[in-house]
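Read off the chains here:
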Amino acid sequence: MNARVWEGIENGAAFLDARAQAPSCDYAGGRFVVRDEGVFFEAHDKDGEPQPPLWICSRIDVLAKTRNGGSEEWGRLLEWHDDDGMAHRWAMPMSLLQGDGLEVRRELARRGLRISPSRKARDLLQAYLQVWPTEAMARCVECIGWHGSVYLLPQEAIGQTEEIVVYQSEHAIAPGFATRGDVESWREHVGKLLSGNSRLVFAAACALAGSLLDIVGEEGGGFHLRGASSTGKSTALRAAASIWGGRDYVRNWRATANGLEGVAAAHNDGVLILDEIGQCDPKQAGETAYLLANGQGKTRANRTGAARPVARWRLLFLSSGEESLPALAARAGYRTTAGQEVRLADIEADAGCGMGLFENLHGYSSPAAFAQAIKDATDRHHGAIGRAWLERIVANREQWADTLRSIVDKFATMGGEGATGQVVRVAKRFGLVAAAGELATRYGLTGWQEGESFAAAKACFLSWLEGFGGGKVLHEERAILAQVQAFIEAHGDARFQRLDGDDNRIVRDRVGFVRQREGATEYLILPEAFRREVCKGFDSKEAVRVLREVGWLVPGGDNRPTRSERIGGYGTVRVFLLRPSFLSGDTGDIGDSLINQWVTVSPLQKRTGDTGDKYAGLSPLSPLSSDGGDRKNFNKNNDLTTVTTVTSEKTIPRIEVELRL
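Residues numbered from 1 in each chain as written. Predicted model: local features only at pLDDT ≥ 70, side-chain atom pairs only at ≥ 80, totals over all residues. Heavy atoms only, no water.

A. Structural context of the packing of aromatic side chains. Applying the stated criterion to the full structure yields 21 aromatic pairs. Taken together, a centroid distance of 5.9 Å and an interplanar angle of 50° make the contact between Y364 and F370 tilted. Since its relative accessible area comes to 0%, F370 is described here as buried. Where F411 meets F461, the ring centres are 5.9 Å apart and the plane angle is 75°; that geometry is what we call edge-to-face. Taken as a pair, F411 in helix α14 (residues 397–411) and F461 in helix α16 (residues 452–468) lie far apart in primary sequence, 50 residues in all. The burial state of F411 is the same as that of F461; both residues are buried. Within the aromatic cluster, the residues linked to one another by ring pairs are F202, F223, F411, F430, F454, F461 and W464. (Phe/Tyr/Trp six-rings, centres within 6.5 Å; stacked < 30°, edge-to-face > 60°. Buried < 20%, exposed > 50% of the residue type's maximum accessible area, 1.4 Å probe, protein only. Helix = DSSP H or I, 4+ residues; strand = E, 2+ residues; numbered from the N terminus.)

B. Representation of the sheet that holds strand β4 (residues 54–57) in the model. Ordered by their spatial adjacency, four strands build an open sheet running β1-β2-β3-β4, and the pairing between neighbours is antiparallel. On the outer flanks of this sheet lie β1 (24–27) and β4, each paired with one strand and no other. With strand direction ignored, the average angle separating the axes of adjacent strands in the sheet is 25°. Sheet topology places β1 next to strand β2 (residues 30–35); four bridges connect them, and they run antiparallel. The residue bridging C25 from the neighbouring strand is F32, located in β2. (Pairing = 2+ DSSP bridges. Axes fitted to C-alpha atoms, helices over the stretch in contact; angles between N-to-C directions.)

C. Structural context of the packing of helix α15 (residues 421–442) against α16. The interhelical angle for the contact between α15 and α16, taken along N-to-C directions, is 160°, at an axis separation of 8 Å. As summarised for this structure, α15 and α16 are arranged roughly antiparallel, according to the angle between their axes. The chirality of how α15 crosses α16 is right-handed. Across the interface between the two elements, Q422, V423, V426, A427, F430, V433, A434, G437 and E438 from α15 touch E452, S453, F454, A457, C460, F461, W464, L465 and F468 from α16. Considering only residue class, the contact of α15 with α16 consists of 13 nonpolar, three polar and two charged. (Parallel < 35°, antiparallel > 145°, perpendicular 65-115°, else oblique. Left-handed = near helix turned anticlockwise from the far one by under 90°. Contact = heavy atoms within 4.5 Å. Nonpolar A, V, L, I, M, F, W, Y, C, P; charged D, E, K, R; others polar.)

D. Region of interest: the sheet that holds strand β14 (residues 251–252). Spatial strand order, β14-β15-β16-β13-β17: five strands in an open sheet with parallel pairing. Edge positions in the open sheet fall to β14 and β17 (344–348), since each of these has one partner strand only. Across the sheet, helix α9 (residues 285–294) is in contact with β13 (221–226), β15 (271–275), β16 (316–321) and β17; its angle to β16 comes to roughly 155°.

E. The nonpolar core, seen in detail. Membership of the largest hydrophobic core comes to 82 residues, with the highest contact counts inside it found for L194, F223, W389, F430 and W464. Of all the elements, α15 adds the most residues to this core, at 11 residues. Once residues within four sequence positions are removed from consideration, L194 is found in contact with W186, L200, V201, A204, A239, I374 and W448. Formed by 26 residues, the second largest nonpolar core is a distinct cluster that contains L78, L97, L125 and W132. (Core = buried A, V, L, I, M, F, W, Y, C linked by side-chain atoms within 4.5 Å.)

F. Examining the packing of helix α5 (residues 198–209) against α16 more closely. The geometry of α5 relative to α16 is characterised by a closest axis approach of 8 Å and an angle of 105° between their N-to-C directions. Here α16 runs roughly perpendicular to α5, going by the angle between their axes. On the side of α5, the interface is formed by S198, R199, V201, F202 and A205, while α16 contributes E452, S453, A456, A457, A459, C460 and S463. For the contact of α5 with α16, a count of residues per class yields seven nonpolar, three polar and two charged.

G. Spatial organisation of α14. Taking 1.5 Å of rise per residue, the 15 residues of α14 would be expected to cover 21 Å, and the 21 Å separating its terminal C-alpha atoms lies within 8% of that figure. Listing the buried residues of α14 in full gives R397, W400, A401, L404, V408 and F411. Turning to α14, the residues buried within the fold contact β9 (145–147), α6 (213–216), α13 (384–395), α15 and α16. (Expected span 1.5 Å × (residues − 1).)

H. Looking closely at the environment of R405. You can see R405 is positioned in helix α14. On the basis of relative accessible area, R405 is assigned to the partly exposed category, the value being 34%. Spatially, the C-alpha atoms of R405 and E218 are 9.1 Å apart, while their sequence positions differ by 187 residues. Apart from the residues lying within four places of it in its own chain, the contact partners of R405 are I215 and V216.

I. Fine view of the environment of A205. For A205, the location among the structural elements is in helix α5. Along the chain, A205 and A239 lie 34 residues apart, while their C-alpha atoms are 9.7 Å from each other. Excluding its chain neighbours within four sequence positions, the residues that come into contact with A205 are V433, A436, G437, W448 and S453.

J. Structural context of the environment of A264. Within the fold, A264 resides in helix α8 (residues 259–265). Distance from A264 to R314, taken between C-alpha atoms, is 8.3 Å for residues 50 residues apart in sequence. Ignoring any residue separated from it by four or fewer positions in sequence, one finds A264 in contact with L272, L292, W313 and L315.

K. Geometry of the pattern of salt bridges. Counted according to the given criterion, the structure contains 30 salt bridges. Across the pair K428 and D409 runs a salt bridge, and its minimum N-O distance is 4.0 Å. Of this pair, K428 sits in helix α15 while D409 sits in helix α14; the two residues are 19 residues apart in sequence, bridging distant segments of the chain. Residues participating in the shared-partner salt-bridge network are D214, D269, R314, R397 and E398. (Salt bridge = Lys/Arg side-chain N within 4 Å of Asp/Glu carboxyl O.)

L. Region of the structure containing empty space enclosed by the protein. All told, the structure shown has two cavities of 30 Å³ or more when counted by the stated rule. Its volume calculated, the largest cavity comes out at about 40 Å³. Lining of the largest cavity is provided by I144, Y151, L153, F177, W244, Y249, D269, G270 and V271. Around the second largest cavity, the lining residues are R238, A241, S242, G245, G246, R247, T378 and D379. Put simply, the parts of the chain that give the lining of the second largest cavity at least two residues each are α7 (233–241) and α12 (367–380). Its residues assigned to classes, the lining of the second largest cavity shows one nonpolar, four polar and three charged. (1 Å grid on protein atoms, 1.4 Å probe; cavity = no way out; pocket = protein on both sides within 12 Å on 5 of 7 lines; lining within 4 Å. Points joined across faces, edges and corners; volume = space filled by probe spheres on them.)

M. A look at α15. If you check α15, its first and last C-alpha atoms are 31 Å apart, about what 22 residues at 1.5 Å a residue would give, namely 32 Å. Looking one or two residues past α15, G444 carries a phi angle of roughly 75°, positive in sign.

N. Representation of unusual backbone geometry in the model. With a phi angle near 60°, D269 is a residue other than glycine that sits in the positive phi range. Along the polypeptide, D269 turns up in the loop between α8 and β15. The phi dihedral of E276 is positive, around 60°, even though this residue is not glycine. On the secondary structure map, E276 appears in the loop between β15 and α9. Assessed through its relative accessible area of 24%, E276 is described here as partly exposed.

In short, geometric facts, not functional conclusions.
Structure (structure tokens):
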């Protein structure tokens, strides 16, 4: 019996010792008797003569009555040993006995209890579990994780108070917690192999970080290791799983969003590890990412039509696959939202060292040999570090709260000055992983150098940021720009009527016109075509706003988004005028040059620059902008006369862009 969980039993503070109670209990004219050999039922025949004791099952003790905080969901706390001598405990809901008891017998047998095959004995087992007397009480909860200052695991509670808290679930979903070896063996045989490999260190730290979500008050979310087959992704997942258990701790994506609700609840305040996102239904991929990160299942009705309690959880999840979430959804004709992609941060698995996910093979002859060594080590050493981690976190929960938050906030600045809220949100999640790894290293659990977890999280974050498209443009805005660019690239020659020279082509499904003006190409798009096709899938008003802000759209003289243009053979029509600068796909990232692109700004307008920017962070503005820019004050071509290049990495000086008036 676990000393920490059942400390109250030994002290007599919360429980009576179950085995010190009366060894028998009267029932239906006979009695149940509990011996080391098992549970028996003793009765007399009709003549009053004693019958041979009927063996029901191997020994199982009823330790306590269980109920939740609202005095509902009553059950029984059971304990027994299998034939290997291993102890098992289960908080059994009484509701499972209000039938034929099949679910109860199946769960007990699965965990090693020997049960008589006779029908009478099986019925008596059901009665025994209900009528055996016990005065001891325990509070049951339906999810693992934090319950006040106690962290509950399926088989034990860390930081146990006077009131015993036990895990009780009708679903009996086992998250795969298991222990083999100890902290020192994990540190020596697993932790040191992970060192020097950013993705491996990050994965293991991620497994620790889930238990910190409640402490720092951060939301859950996921990380997705994306890469080709045999890159080392499954090795990273096994490394993460070894914090809490063996290979069974790794689950797969092959489940519906509804089916994953119970799995997520069973990993509350921890980490859920999901292998191969390609097994997930592409139609449900985005919805599933949302569900796992948001921590709340669907509302459903019970048999009477009343709403069931909604499943809730808070966790980090670590995923792998050959495809990203957007690529998977695209296979089914779906487009993921920015919210879905933010909730599952996509990390390039390949570390760029020519060895797949690995950067340091620690003397092994090949990446394959190194991967196998890690898998073999995690099979022999797992689980102990997670429990040691929880013991230290529970004991110092309040002490570390402010420090952890400061690390998370510091990491949030990785997105750079002016980073969008989306980037800051994801950066904090990476920061929590960095903090968990550093704290575990401080406790002497990992075998890593101080700062290694922070460096690993930074490398993975920068990989995500590069794939996400930078930190200063919202993902939705970037998607709009990509949509417009893709449309022009696909249909520029086929669906635009040329206004220069003699274009006698018959343009089918025309969306507008194209012309050369002062050495530049201009696309004049008809309003309905712009709304229905060019901006398909997006709100056209939002698209207009984004296009104006980046200088792709040239508004009319009356500051309307469309312009009146006279077109031979068509008269005067209103069109959306796009300038060709967008064809470069340039929205002003670090190191870019907009010197030769069409921009208009008010005279001597100041902007903040980034290292290496040739245009010094200048945001293109419309000719009639809110800060006083007026087209009549500009020369014909809006030529830039001077541009200061920012080169300092430590300071970002203010610069000045002048216009020749």
